[in-house]
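Letter by letter, the chains look like this.
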Amino acid sequence: MAAASNARPYDVIAFGASGFTGRLCVKYLARAYPNGRWAVAGRNVEKLKQCLREYNADTKDVIAADCGDLDALRSMARQSRVVLTTAGPFHRYGNKLVEACVKEKTHYADITGETFWVKQLIGKWHEEAAQSGTRIVPFCGFDAIPSDILTYYAVRQMQTEVVHVEQYMNAKGQASGGTIETAFEIFKRPLEPRFALNPQGNAYSITPKQQERTSDSMKIVSLRKLLRDDDQTHKKSQNNELVSFNLPIDLPPSVTKEYSSEVRPKAPKYSGYSAFAYCNSRIVRRSAALLNRSDSIKGQQEPFSSAAGLASTAGTYSKDFTYEEHGGFYASRFSSQMSKTMMNIFGVAIKVPLLRTIIRSMLPKPGEGPSLEMQESGWFRQDAIAHDTKGNRKRFVLWARGDPGYKCTATMLCESAMALADISKEEENKHADDGPGPSPDPCKGGVLTPAAALGDRLVYRLHAAGLHFEGPYDMDPSSKL
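Residues numbered from 1 in each chain as written. Predicted model: local features only at pLDDT ≥ 70, side-chain atom pairs only at ≥ 80, totals over all residues. Heavy atoms only, no water.

A.B. asks: Outline the overall build of the protein chain, supporting the account with residue identities and numerical values.
C.D. replies: Helices and strands together make up the secondary structure of the protein chain, namely 19 helices and 13 strands. The buried share of the protein chain, taken over its 481 residues, is 57%. Of the contacts formed within the protein chain by residues at least 6 apart in sequence, a portion of 84% connects residues at least 24 apart. Surface exposure of the protein chain reaches about 19,700 Å², of which carbon and sulfur atoms provide 52%. (Helix = DSSP H or I, 4+ residues; strand = E, 2+ residues; numbered from the N terminus. Buried < 20%, exposed > 50% of the residue type's maximum accessible area, 1.4 Å probe, protein only. Contact = heavy atoms within 4.5 Å. Areas by Shrake-Rupley, 256 points an atom, 1.4 Å probe, with all protein chains shown as cover.)

In structure tokens:
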């Protein structure tokens, strides 16, 4: 078990808090947890103090630590139950921080989308973290909480064995310089294999059906029926007819109406390419493999299932579980195909050093990001269709307002960190001494995913923070989705 004790003065330390996304995390923590036991850390103390003053949180502590100074990072990590970090690209700036957290038995969360780097972390730190019960949880931002936790939610709510989930993502947002920098690093590398992040060993063997049915190919299908289902669902809710949302907090009719007019796509009708799918799919597959071999999906039900309105009998990921993800709601098949063609051209161009330099010079620099207006006006919505082994299908939705990569990401990361702090406190209460030794449950320590590490408690926290989970909804039997 991770040994976060009362001797640690902080529940959460936000590392890299003076960067663009880091400042949004400080803003969120100052608003949501003004009396919380949190602090900020980074290289430039003056910038950190300025950030705290800007958000009326200047009573919070500032810790000096550089991403290249392991001793300073270990000193910081041993003061907190959890460290969250926004200092990317993470393959460049995150290695020593992860090492510090593993060595000091401090839970960790970040917002990386760099699967190649996380694969390295798994090889280097998973076993040691698992032995101590330390949860290292990358991917706690828009990459890949919506995909990962919505799949988890759908599996939970199906109450049966789920063999396949497909998701369709739509969003309005803008990339910052830091995100673009990370994207350039990812695109210039070969794509990781489909099961690159799956656990190794005979217990986690990839089945023949998974090999056969798992693909990264783009799927262009008409979403007219899905949107028609959506129309009928929300007409019922606005007419005060019974709709089962199964949410932690009841969804007021006013929110439902705002959702219909603001977040629901109107004209576009086709699925298509998603640059996020290559990252998200590998994370969801790791979650499925870990949760299929653990009792976490059952063990995390209490005390959250009753409070959150979640099904009392949890569904499970099938051993043959497969996942696919597709991008936004395009206006036509042609525009959908063109989006992939343009991304392929971009992917080839940035592998050429001269072209990469030219393209990069035209885009936002690290530290630059979307305006406050864009952060507030953005949104995302993901639809998941879950298929169980009996042939049943249900639709689930996750949506939120705010730029998905920044305002929503700050919420996701901070709530993930607070959930990890809750886990640390619970572990401490159960084991006042050094604990009983490593847990046999593979989801209670190691390099994990948001769904595997946090489960129901993250669903509950995210919904309470303004990310709305809906479903199950019946599917139109004639739909080919």
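A.B. asks: Can you break down helix 18 (residues 407-430) residue by residue, with the values?
C.D. replies: Structural remark: α-helix, 3.6 residues per turn; residues separated by three or four positions point the same way. For helix 18, with 24 residues, the first-to-last C-alpha span of 35 Å sits near the 34 Å given by 1.5 Å per residue. The element helix 18 is largely enclosed, with a buried count of 18 among its 24 residues. (Expected span 1.5 Å × (residues − 1).)

A.B. asks: Lay out the sheet that holds strand 6 (residues 135-137) in plain terms, naming residues and giving numbers.
C.D. replies: On the basis of which strands lie adjacent, the open sheet formed by seven strands has the order 3-2-1-4-5-6-12 and parallel pairing. Of all the strands in the sheet, just strand 3 (62-64) and strand 12 (446-447) have a single pairing partner and so form its edges. (Pairing = 2+ DSSP bridges.)

A.B. asks: Go over the pattern of salt bridges with me, naming the residues and quoting the values.
C.D. replies: Applying the stated criterion across every chain yields a total of 20 salt bridges. One network of salt bridges, in which partners are shared, links Asp11, Arg37, Arg81, Lys425 and Glu428. (Salt bridge = Lys/Arg side-chain N within 4 Å of Asp/Glu carboxyl O.)

A.B. asks: Please provide a residue-by-residue account of the environment of glycine 378, values included.
C.D. replies: With respect to the element layout, glycine 378 can be found in the loop between helix 17 (372-377) and strand 10 (379-388). Considered as a pair, glycine 378 and arginine 401 are 23 residues apart in the sequence and their alpha carbons are 6.1 Å apart. If near-sequence neighbours (up to four positions away) are discounted, glycine 378 is found in contact with Lys172, Arg401, Gly402 and Asp403.

A.B. asks: How would you explain the packing of helix 1 (residues 20-32) against helix 18 if you had to name every residue and give the values?
C.D. replies: One way to put it is that helix 1 packs onto helix 18 with a least axis distance of 9 Å and a crossing angle of 65°. Between helix 1 and helix 18 lies a crossing of right-handed hand. Note on element contacts: helix 18 touches helix 1 through Lys407, Thr409, Ala410, Thr411, Leu413, Cys414, Glu415 and Met418, opposite Thr21, Leu24, Cys25, Tyr28 and Leu29. (Axes fitted to C-alpha atoms, helices over the stretch in contact; angles between N-to-C directions. Left-handed = near helix turned anticlockwise from the far one by under 90°.)

A.B. asks: Run through the sheet that holds strand 10, naming residues and quoting values.
C.D. replies: The strand order across the open sheet built from six strands is 8-9-7-10-11-13, with neighbouring strands paired in mixed fashion. This sheet does not close on itself; its edge strands, each paired only once, are strand 8 (270-272) and strand 13 (468-474). Strand-to-strand twist in this sheet, taken as the mean axis angle between neighbours without regard to direction, amounts to 30°. With seven bridges joining them, strand 7 (residues 161-172) and strand 9 (residues 316-330) adopt parallel strand pairing. By the bridge assignment, valine 162 is partnered in strand 9 with tyrosine 317. Of the strands in this sheet, strand 7, strand 9, strand 10, strand 11 (393-401) and strand 13 are in contact with helix 7 (residues 145-158), which crosses strand 11 at around 140°.

A.B. asks: Give me unusual backbone geometry: which residues, what numbers.
C.D. replies: Here the amide bond leading from glycine 88 into proline 89 is cis, since omega sits at 0°, within 30 degrees of zero. Here proline 89 lies in the loop between strand 4 (80-85) and helix 4 (90-93). Geometrically, the link from aspartate 143 to alanine 144 is a cis peptide bond, its omega value of 5° lying close to zero. Examined against the element boundaries, alanine 144 turns out to sit in the loop between strand 6 and helix 7. Backbone geometry at asparagine 56 places phi at a positive 55°, although glycine is not the residue there.

A.B. asks: Give me the lowdown on the environment of proline 9, citing residues and values where you can.
C.D. replies: Within the secondary structure layout, proline 9 lies in the segment before strand 1 (10-15). Along the chain, proline 9 and arginine 78 lie 69 residues apart, while their C-alpha atoms are 9.3 Å from each other. Ignoring anything within four residues of it in the chain, the contact list for proline 9 reads Arg37 and Gln79.

A.B. asks: So what's going on with the nonpolar core? Which residues, and what values?
C.D. replies: With 106 residues, the main nonpolar core has Phe15, Trp38, Met76 and Ile149 as its most contacted residues. It is helix 18 that contributes the most residues to this core, eleven residues altogether. (Core = buried A, V, L, I, M, F, W, Y, C linked by side-chain atoms within 4.5 Å.)

A.B. asks: Could you give an account of empty space enclosed by the protein, with specific residues and numbers?
C.D. replies: Empty space among the atoms becomes apparent when a probe as large as a water molecule is rolled across them. With the rule as written, the count across this model stands at one cavity of 30 Å³ or more. Quantified by volume, the largest cavity comes out at close to 140 Å³. Lining the largest cavity we find 15 residues, and of these Asp216, Ser217, Ala277, Glu325 and His326 sit closest to its centre. The set of elements that each furnish at least two residues to the lining of the largest cavity consists of helix 12 (277-292) and strand 9. When grouped by side-chain class, the residues that make up the lining of the largest cavity number five nonpolar, six polar and four charged. (1 Å grid on protein atoms, 1.4 Å probe; cavity = no way out; pocket = protein on both sides within 12 Å on 5 of 7 lines; lining within 4 Å. Points joined across faces, edges and corners; volume = space filled by probe spheres on them. Nonpolar A, V, L, I, M, F, W, Y, C, P; charged D, E, K, R; others polar.)

A.B. asks: Quick rundown of the packing of aromatic side chains? Include the residues and the values.
C.D. replies: For any pair of aromatic rings, geometry is given as the distance between the ring centres together with the angle between the planes. Enumeration over the complete set of coordinates arrives at eight aromatic pairs. Between tyrosine 153 and phenylalanine 469, the ring centres sit 5.1 Å apart and the planes meet at 50°, which makes this aromatic pair tilted. Pair noted here: tyrosine 153 is in helix 7 and phenylalanine 469 is in strand 13, with a separation of 316 residues, a long-range link. Of the two residues examined, tyrosine 153 and phenylalanine 469, each falls in the buried class. An aromatic cluster is built from Phe142, Phe276 and Phe380, whose rings are joined through pairwise contacts. Directly above the ring of phenylalanine 195 sits arginine 285, whose terminal nitrogen or CZ lies 5.8 Å from the centroid. (Phe/Tyr/Trp six-rings, centres within 6.5 Å; stacked < 30°, edge-to-face > 60°. Lys NZ or Arg CZ within 6 Å of the ring centre and 35° of its normal.)

A.B. asks: Outline the packing of helix 7 against helix 19 (residues 450-464), listing residues and values.
C.D. replies: The geometry of helix 7 relative to helix 19 is characterised by a closest axis approach of 9 Å and an angle of 85° between their N-to-C directions. Taken together, the axes of helix 7 and helix 19 are roughly perpendicular relative to one another. Contacts from Ile145, Asp148, Ile149, Tyr152, Tyr153 and Arg156 of helix 7 reach helix 19 at Pro450, Ala451, Gly455, Asp456, Leu458, Val459 and Leu462. (Parallel < 35°, antiparallel > 145°, perpendicular 65-115°, else oblique.)

A.B. asks: Give me the pairing of strand 1: which residues, what numbers.
C.D. replies: Side chains on a regular strand alternate between the two faces of the sheet. In terms of burial, strand 1 is a largely internal element, six of the six residues being buried. Bridge count for strand 1 against strand 4 is five bridges, and the pairing is parallel. Its bridge partner being in strand 4, phenylalanine 15 is matched across the sheet by threonine 85.

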